[in-house]
Amino acid sequence: MIVLTAILALFLIESVYAQRHSETLNTQLDISNGTIEGVEEDGITVFRGIPFAEPPTGNRRWTAPVDKEPWDGVLETKVFGPACMQLPVFGDMNFRSDGNSEDCLYLNVWTPAKTGNEKLPVLLYYYGGGFMAGDGSEPRYDGANMARDHKMVAITTNYRLGVFGFFAHPELTQESSHNSSGNYGLLDQVKALEWVVENIEKFGGDPDNITIAGESAGSISVSALMASPLSRDMIAGAIGESGSILGALPPVELEVGEQNGEKFAGIIGAESLQELREIPSDSLLNLTGQQGLPRFAPTIDGYYFPKPPLEIFEAGEHADVPLFVGWNSQEMNFRAFLGQHEPTIENYKKVVASEYESHASRILELYPAGNLEEMLQSATDLAGDRFIAFSTWKWADLHQKNSTSPVYQYYYTQPRPKMRPKYANSTPGFAGGVQENDESAEDEMQQAQLPEPNGAVHSAEIEYLMGNLSSNRVYDWTETDYKVSAIFQNYAANFIHSKSPNGYGVPFWPAADQTGGSVMSIGSDTFIMEDPFGERYEFLDQLMIEN
């Protein structure tokens, strides 16, 4: 009897132990390149810093990413890999990575899977930062809440930036088997997507249900991935938050990119591609901080972009998948349009006349200035449209007209609350953090002495959509903020699961039709409205065609 009792007790202990440890996926997984080991955190399994390509260093600088060579033993993937090389363009960006490095092609996975056989939907999120900054370790993109609360596999990934990601040069074109150069950051994004397709089943994900998402440059990247033949067939759905390749950070012709590359090389005194590759990464990065350098832009290279992305979307040759897309109510402030002019009606009209010449009267009809308050709102709207909102609308418009898949268009209005008292001497930044006020600072955004926002500023929606308000300690979040976040996150999660934002507990969101259709206004009051922007964007579109 004593032996039987002991055996029974041992059985119960082992059962409890097994039950506890079956609540999350095994922290060791065999993937295509070898074995990785992550960590269990509050009911989900997290793998940070998984290499998805060989380091783009040495002679691999400015080449397309290649598969990571297999490794022996167990590779610990418990901490974030390094961020890609970048200058501190946005002083408020908050990274959890260990510094910057050219060796930066790593991604991070959060999964609620228990067995690896679940076939969960997959979210692959690309960061913003103007193709100059950003990192997959930023807390605002953290995938834990999406994975835990909404039963999906969430992923963030790095991609090369600035001169390392978008440098074109005739010698690079000549050595390329595709006769192209530039777009290395975009090719990194494709490689990460390929890695996900190949490996995600091991994490309990469904390779046939991958939704790509991003904000700002990340959103522009999503539209580019939809356009490129290298990636469009791997996508099941797309989420774009503020920006598209159809006007924001647009690509240049390959020849122009090559000329810009030669100009840069001449300025820094490098006479050959080999000399450029021999410059230490820190030195090369610092050289890009000089004034008057050309922009390192994506290129219409004949490979990633076989032709201009606008033509691809107009021809309906892009990914025909459901699209969840929108922008914020204050993407830019009136100062961005008025510059150093005093914010008066007279000055607003002068700037409109200077910028739009013979079209000024129509602009003033669409962005009126009947009184000071109306003028400030119109200048704010026009600045935001010129910056990024129009390009987002153009993406939605062409997808509605030239695909069979639905478009769910939103307009995000919830302003961030006041900052906590400890940040009283700080200025809010684009990335959700703050910069300390400093009269000697050279930061353009700080020097501009921006007015207090009265809408949802650029990037404000990220923590709401990803369910990460509590990780941002800068702002004094209210009950209303958490309610808005719950609605927005549910919309996004529903879309990632079923490619429709609709589901229990959120207002019904109809897809837009080919004439513009409906827009979901998301904020303290969330409601569907007829598209209020079509007339002004149709006119801006006509101006773009004329120019």
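Rules used in this analysis
Residues numbered from 1 in each chain as written. Predicted model: local features only at pLDDT ≥ 70, side-chain atom pairs only at ≥ 80, totals over all residues. Heavy atoms only, no water. Helix = DSSP H or I, 4+ residues; strand = E, 2+ residues; numbered from the N terminus. Rg over C-alpha atoms; globule rule 2.2 N^0.38 Å. Buried < 20%, exposed > 50% of the residue type's maximum accessible area, 1.4 Å probe, protein only. Contact = heavy atoms within 4.5 Å. Areas by Shrake-Rupley, 256 points an atom, 1.4 Å probe, with all protein chains shown as cover. Axes fitted to C-alpha atoms, helices over the stretch in contact; angles between N-to-C directions. Parallel < 35°, antiparallel > 145°, perpendicular 65-115°, else oblique. Nonpolar A, V, L, I, M, F, W, Y, C, P; charged D, E, K, R; others polar. Pairing = 2+ DSSP bridges. Salt bridge = Lys/Arg side-chain N within 4 Å of Asp/Glu carboxyl O. Phe/Tyr/Trp six-rings, centres within 6.5 Å; stacked < 30°, edge-to-face > 60°. Expected span 1.5 Å × (residues − 1). Disulfide = S-S within 2.5 Å.

Trainee: Honestly, the overall build of the chain in this entry has me stumped. Any pointers?
Mentor: When you go through the chain residue by residue, the secondary structure sums to 18 helices and 18 strands. Whereas a compact globule of 547 residues would reach a radius of gyration of roughly 24 Å, the chain reaches 24 Å, a difference of no more than 12%. Each principal axis of the C-alpha atoms in the chain carries an extent, and together these give about 100 × 60 × 50 Å. Counting over 547 residues, the chain shows a buried share of 57%. Long-range contacts, defined as pairs at least 24 residues apart, comprise 75% of the intrachain contacts of the chain with a sequence gap of at least 6. Element-wise, carbon and sulfur atoms account for 49% of the exposed surface of the chain, whose accessible area totals about 23,100 Å².

Trainee: What exactly am I supposed to notice about the packing of helix 14 (residues 372–402) against helix 18 (residues 534–546) here?
Mentor: Any two packed helices are characterised by the angle at which their axes cross and by the distance between the axes. Contact geometry for helix 14 and helix 18: axes closest at 10 Å, N-to-C directions at 90 degrees. With respect to each other, helix 14 and helix 18 are oriented roughly perpendicular. Mapping the contact onto sequence places D381, D385, A389, F390, W393, K394 and K401 in helix 14 and G534, R536, Y537, E538, L540, D541 and M544 in helix 18. A per-class count over the contact of helix 14 with helix 18 returns six nonpolar, one polar and seven charged.

Trainee: Sorry if this is basic, but what is going on with the sheet that holds strand 6 (residues 106–111) here?
Mentor: Strand pairing in a sheet takes place through backbone hydrogen bonds and is either antiparallel or parallel in direction. In spatial order, the strands read 3-4-6-8-7-9-10-13-14-17-18; together these 11 strands make up an open sheet with mixed pairing. Each having just a single partner strand, strand 3 (39–41) and strand 18 (527–530) make up the two edges of the open sheet. Sheet twist, expressed as the average angle between the axes of neighbouring strands with direction ignored, equals 25 degrees. Two elements, strand 6 and strand 8 (residues 153–157), share four bridges in a ladder whose sense is antiparallel. Paired with L107 across the two strands is T157, which belongs to strand 8. Sheet strands touched by helix 14: strand 10 (237–241), strand 13 (323–328) and strand 14 (407–412). Its angle to strand 13, the strand with the most contacts, is close to 155 degrees.

Trainee: Help me understand the pattern of salt bridges, please; the structure alone is not making it clear to me.
Mentor: Pairing between side chains of opposite charge can happen when their charged atoms approach one another. If you walk through the whole model with that rule in mind, you get 24 salt bridges. Where salt bridges share partners, they join E37, E76 and K78 into one cluster.

Trainee: It is not clear to me how the packing of aromatic side chains should be interpreted in this structure. Could you clarify?
Mentor: Ring pairs (aromatic) are described by centroid distance and by the angle formed between their planes. Inspection of every chain in the model, using the stated rule, returns 31 aromatic pairs. On the basis of an interplanar angle of 40 degrees and a centroid distance of 5.6 Å, the ring pair of W393 and Y537 is categorised as tilted. Residue W393 is located in helix 14, and its partner Y537 is located in helix 18; the two are separated by 144 residues in the primary sequence. Exposure remark for W393: the relative accessible area of 4% places this residue in the buried category. Here Y537 falls in the buried class, since its relative accessible area comes to 0%.

Trainee: What exactly am I supposed to notice about helix 17 (residues 479–498) here?
Mentor: Given 3.6 residues to a turn, an α-helix orients residues that are three or four positions apart in the same direction. Its 20 residues give helix 17 an end-to-end C-alpha distance of 28 Å, which sits within 8% of 28 Å, the value for a rise of 1.5 Å per residue. For helix 17, the set of buried residues is D481, V484, S485, F488, Q489, Y491, A492, A493, F495 and I496. Once helix 17 finishes, K499 follows within two positions and takes phi at roughly 70 degrees, a positive value.

Trainee: Quick question: what am I supposed to make of the state of the cysteines here?
Mentor: Here a disulfide denotes one covalent bond, and it connects the sulfur atoms of two cysteines. Scanning all chains against the criterion turns up one disulfide. With a sulfur-sulfur separation of 2.1 Å, C84 is cross-linked through a disulfide to C104. Taking the sign of the S-S torsion, about 85 degrees here, the bridge from C84 to C104 comes out right-handed. Placement of C84 in the loop between strand 5 (74–76) and strand 6 and of C104 in the loop between strand 5 and strand 6 is noted, with a sequence separation of 20 residues between them.

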